[in-house]
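Take a look at the letters that make up each chain.
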Amino acid sequence: MNKSKTNFNDLSIVLDWVKNHGTTDTMNMVMYAIKDRRTALAKEAKSSISVGSTVGVNARTEYWLGTVTKVMKTRCAVKQHNNGMTYAVPMSLIETHNTV
């Protein structure tokens, strides 16, 4: 009996396999892996953000610049440069900018 080994080097192959052969446990593992990666990215972003930092925010429909006014546990209060409003933004949507 010859077993074929699936090579998961391409995301489309992985997604196809999950779609056709995945169980609830498989989907839960993928979901937890995504959540863990988002948490790691948020921690990485939080370590480089401080009050007064100029940051870029990847909103759903636009990208805007702002200044951090408060760093919280999972979000930052960011004052938008264009309209002066302050938004609570998740760490995963924030990119730090080096202003010289």
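Everything that follows concerns the structure shown earlier in this document.
Below, the structure is looked at part by part. None of the values given here were measured: they were computed from a predicted structure. (Residues numbered from 1 in each chain as written. Predicted model: local features only at pLDDT ≥ 70, side-chain atom pairs only at ≥ 80, totals over all residues. Heavy atoms only, no water.)

### Section: the sheet that holds strand 2 (residues 63-71)
Convention followed: Pairing between two strands is assigned when DSSP locates at least 2 bridges connecting them. The helix and strand labels rest on DSSP assignments: H or I over at least four residues marks a helix, E over at least two residues marks a strand, and numbering proceeds from the N terminus. Each axis is a line fitted through C-alpha atoms, taken for helices only over the stretch in contact, and angles between the N-to-C directions span 0 to 180 degrees.
Spatial strand order, 4-3-2-1-5: five strands in an open sheet with antiparallel pairing. The outermost strands of the open sheet, each flanked by one partner alone, are strand 4 (86-90) and strand 5 (94-96). The sheet shows a mean angle of 45 degrees between the axes of neighbouring strands, taken without regard to direction. Summarising the sheet, strand 1 (residues 54-58) and strand 2 pair through five bridges and their orientation is antiparallel. Note on strand 2: the bridge partner recorded for V55 is G66.

### A short note on the environment of D36
Defined as follows: Summary of the burial criterion: residues with accessible area below 20% of their type's maximum are buried, those above 50% are exposed, and those between are partly exposed, where the area comes from a 1.4 Å probe applied to protein chains only.
Inspection of the secondary structure assignment puts D36 in helix 2 (residues 24-47). The class for D36 is exposed, based on a relative accessible area of 56%.

### Things to note about the pairing of strand 3 (residues 75-80)
Two elements, strand 2 and strand 3, share five bridges in a ladder whose sense is antiparallel. Bridge pairing in strand 3 links T67 to K79. Adjacent in sequence and paired antiparallel, strand 2 and strand 3 are bridged by three residues. Sheet analysis places strand 3 next to strand 4, joined by five bridges and oriented antiparallel. Within strand 4, the position partnered with C76 by the bridge is V89. Between strand 3 and strand 4, which follow one another and run antiparallel, lie five residues, and G84 among them has a positive phi close to 75 degrees.

Interpretation note: all reported values are geometric properties and have no functional meaning in isolation.
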